[in-house]
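Spelled out, the chains give:
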Amino acid sequence: GENVEQHPSTLSVQEGDSAVIKCTYSDSASNYFPWYKQELGKGPQLIIDIRSNVGEKKDQRIAVTLNKTAKHFSLHITETQPEDSAVYFCAASRGQAGTALIFGKGTTLSVSS
Amino acid sequence: DAGVTQSPTHLIKTRGQQVTLRCSPISGHKSVSWYQQVLGQGPQFIFQYYEKEERGRGNFPDRFSARQFPNYSSELNVNALLLGDSALYLCASSRSDEQFFGPGTRLTVL
């Protein structure tokens with residue numbers, strides 16, 4: 001079955017710096033790759049996603065890149081702010097009805113001011 | 001629009017008991033998925049329901065069961081609770097491949 005590896009497990013940056021989180025997946029049939037932000041005591045919040053027919057997607061300070069050949073995708077956050085501090089999860093799925101999101105183990109991002 | 005709602009928010013049970021968790025999806029979403037998240041880990045898939053039918057099941061024992069109602073709300077049942085069932089149980093609703101999560105139910109088994 002699908003396996004998603006996520007690195008690093010923790011990431012500390014100064015406010016205004018960029019942060020990059022990387023994930024690899026094993027199932028070549030996976031075609032949907034979302035990223036979630038989870039704050040303490042809350043459920044995961046979908047912040048951006050990418051599908052296998054595109055290589056990059058941007059939304060303001062957040063961007064995601066996908067390399068299907070290498071089976072890896074990355075989250076880029078620019079101009080980080082203290083409110084970006086949270087746990088970030090990558091996930092992968094085949095995007096079909098009944099298929100699960102397979103999550104990485106998460107990255108704890110700390111942004112200090 | 002209201003997001004995904006789950007009840008209760010917290011629950012404490014003892015080993016061997018049974019528990020029922022509830023989820024209401026976003027209006028217009030016909031699919032509900034359940035995930036278990038233990039501390040320090042990513043969510044793990046338990047079930048997915050679409051139009052009241054089970055469409056997918058993760059690697060969980062038969063003590064876990066679920067159902068979806070005509071209004072697309074869902075219940076997750078766990079029988080014969082074990083200490084290891086202590087976790088945050090998340091419900092996600094979807095209309096396509098995007099899944100939107102509720103706040104979760106924190107289950108503690110003593």
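Relevant structure appears above.
Residues numbered from 1 in each chain as written. Chains lettered and ligands numbered in written order. Predicted model: local features only at pLDDT ≥ 70, side-chain atom pairs only at ≥ 80, totals over all residues. Heavy atoms only, no water.

Break down the sheet that holds strand 1 (residues 5-7) of chain B for me, with residues and values.
Residue and element names in this part refer to chain B. Spatial ordering of the open sheet is given by 1-3-8-7, a layout of four strands whose pairing is antiparallel. In this open sheet, the two edge strands, each paired with only one partner strand, are strand 1 and strand 7 (64-68). In this sheet, adjacent strand axes meet at a mean angle of 15° when their direction is disregarded. Bridge count for strand 7 against strand 8 (residues 74-78) is five bridges, and the pairing is antiparallel. Note on strand 8: the bridge partner recorded for Arg 67 is Glu 75. (Pairing = 2+ DSSP bridges. Helix = DSSP H or I, 4+ residues; strand = E, 2+ residues; numbered from the N terminus. Axes fitted to C-alpha atoms, helices over the stretch in contact; angles between N-to-C directions.)

If you had to explain the interface of chain A and chain B to someone new, which residues and values would you point to?
Interface extent is often summarised as the accessible area lost during association of the parts. Listed by partner, the interface residues are 19 residues for chain A and 19 residues for chain B. Taken over both partners, the interface formed by chain A and chain B buries close to 1500 Å², and the fraction arising from carbon and sulfur atoms is 54%. On the surface where chain A and chain B come into contact, there are one salt bridge. A salt bridge links Asp 97 of chain B to Arg 51 of chain A, with the shortest nitrogen-to-oxygen separation between them at 2.6 Å. Of all the elements in the fold, those that place two or more residues in the side of chain A that touches chain B are strand 4 (32-38) and strand 5 (45-51) of chain A. The class makeup of the residues in the side of chain A that touches chain B is nine nonpolar, six polar and four charged. (Contact = heavy atoms within 4.5 Å. Buried area = accessible area lost by both parts, 1.4 Å probe. Salt bridge = Lys/Arg side-chain N within 4 Å of Asp/Glu carboxyl O. Nonpolar A, V, L, I, M, F, W, Y, C, P; charged D, E, K, R; others polar.)

Mind laying out the side chain of Thr 20 of chain B, listing which residues take part and the relevant values?
Residue and element names in this part refer to chain B. Here Thr 20 lies in strand 3 (residues 19-24). At a separation of 2.9 Å, a polar atom in the side chain of Thr 20 contacts the side chain of Gln 18. Of note is the side chain of Thr 20, whose polar atom sits 2.6 Å from the side chain of Asn 77. Once you skip the residues sitting within four places of it in the chain, Thr 20 turns out to touch Pro 8, Glu 75, Leu 76 and Asn 77. (Polar contact = N/O pair within 3.5 Å; in protein donor to acceptor, adjacent residues only side chain to side chain.)

An account of the nonpolar core is requested, with residue identities and associated values reported.
With 24 residues, the main nonpolar core has Trp 35, Phe 73, Leu 75, Tyr 88 and Leu 109 of chain A as its most contacted residues. Listed by contribution, the elements that provide at least two residues to this core are strand 2 (10-14), strand 3 (19-25), strand 4, strand 5, strand 7 (62-67), strand 8 (72-77), strand 9 (86-92) and strand 11 (107-112) of chain A. If you look at the next biggest cluster of nonpolar residues, it comprises 22 residues, including Tyr 49, Phe 60, Leu 81 and Ala 87 of chain B. (Core = buried A, V, L, I, M, F, W, Y, C linked by side-chain atoms within 4.5 Å. Buried < 20%, exposed > 50% of the residue type's maximum accessible area, 1.4 Å probe, protein only.)

So what's going on with the pairing of strand 8 of chain B? Which residues, and what values?
Residues and elements named next belong to chain B. Among the five residues of strand 8, five are classified as buried, and the element is accordingly described as predominantly covered. By the alternation rule, side chains of strand 8 split into Ser 74, Leu 76 and Val 78 and Glu 75 and Asn 77, which are all buried. One ladder, built from five bridges, connects strand 3 with strand 8; its direction is antiparallel. Residue Arg 22 lies in a different strand from strand 8, and its bridge partner there is Glu 75.

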